[in-house]
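Examination of the molecular architecture
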Amino acid sequence: MLKEFIENSCFALPCFKESDFGIKPNGTFIINNKKSVFLLSEKQTFAYNLLDGKITTAYFENALVSVKGKPRILTDFKNKKCTIKLNIISQEESGVPQKKNIKRSIINAGEEILEIFNDLKCDPLNIKDTQKAYFLTNKSFKENSIPLNKLSEIKIKINYILTNKEL
């Protein structure tokens, strides 16, 4: 079963390198059909982990950013469009609202990642699997679900809340 999963799946694998200070994260390998097909940079890895729900809190552009809940992935089957929704709570240390900069940076990095995955015809975010909730049977899901590379558009929407409270 594990062999079948590895042979037919696309997934992300963290990459580390040894430095003078010990082991340091060095990006993420994208594995597709038992082959490493791409190495994400540290910035791209951050975006991937954010979209995958693996990051709950981060220090980002002089602001403490917290992701509330796992990102929601919604698919519009009629128009073949997908929306990834993130709820972000931010506590800015500088006192200057950086909402636009932070939102734009996250959206740009996320769109870059999605474009890479689309070019690789690989879906480590399992966007297709999130569509299972729309179908009653596995047969219907297999016949009607839309893989990542067949979606006409994927948008990232961020609900950004600025707070003075500690996160």
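It should be emphasised that the depicted structure is a prediction, and the values quoted were computed from it without experimental measurement. (Residues numbered from 1 in each chain as written. Predicted model: local features only at pLDDT ≥ 70, side-chain atom pairs only at ≥ 80, totals over all residues. Heavy atoms only, no water.)

1. Some details on the confidence of the model for the chain
Rule in force here: Scored from 0 to 100, pLDDT records how confident the predictor is in each individual residue. Here a helix means four or more residues in a row that DSSP labels H or I, a strand means two or more in a row labelled E, and each is numbered from the N terminus.
Per-residue confidence for the chain gives a mean pLDDT of 85; residues scoring 70 or more make up 90%. Mean pLDDT across the secondary structure elements of the chain bottoms out at helix H1 (residues 2-7), with 51, and peaks at strand S6 (residues 72-76), with 93.

2. What to know about the layout of surface pockets
Over the atoms, a rolling probe the size of a water molecule traces out where space has been left empty. We apply this condition: Both site types are read off a 1 Å grid over the protein atoms alone. A 1.4 Å probe that fits but cannot get out defines a cavity, while an open set with protein on both sides within 12 Å along at least five of seven lines defines a pocket; lining residues have an atom within 4 Å of a point. Grid points are joined across faces, edges and corners, and a volume is the space filled by probe spheres set on the points. Polar here means any residue outside two lists: the nonpolar Ala, Val, Leu, Ile, Met, Phe, Trp, Tyr, Cys and Pro, and the charged Asp, Glu, Lys and Arg; Gly therefore counts as polar.
Each pocket or cavity is described by its volume, and for the second largest pocket that value is around 210 Å³. If you go around the second largest pocket, you meet 15 residues; those closest to its centre are Pro14, Gly27, Thr28, Thr45 and Asn49. Taken together, the elements giving at least two residues each to the lining of the second largest pocket come down to strand S1 (10-19), strand S2 (22-32) and helix H2 (42-51). Here the lining of the second largest pocket is built from residues that sort into 8 nonpolar, 4 polar and 3 charged.

3. What to know about empty space enclosed by the protein
Using the criterion set out here, one finds 1 cavity of 30 Å³ or more in the structure. By volume, the largest cavity is sized at about 40 Å³. Lining of the largest cavity is provided by Phe46, Leu50, Ile55, Thr56, Thr57, Ala58, Phe60, Val65, Ser66, Val67 and Ile106. At the level of secondary structure, the elements contributing two or more residues to the lining of the largest cavity comprise H2, strand S4 (57-59) and strand S5 (63-67). By residue number, the principal contributor to the lining of the largest cavity is S5, which donates 3 residues.

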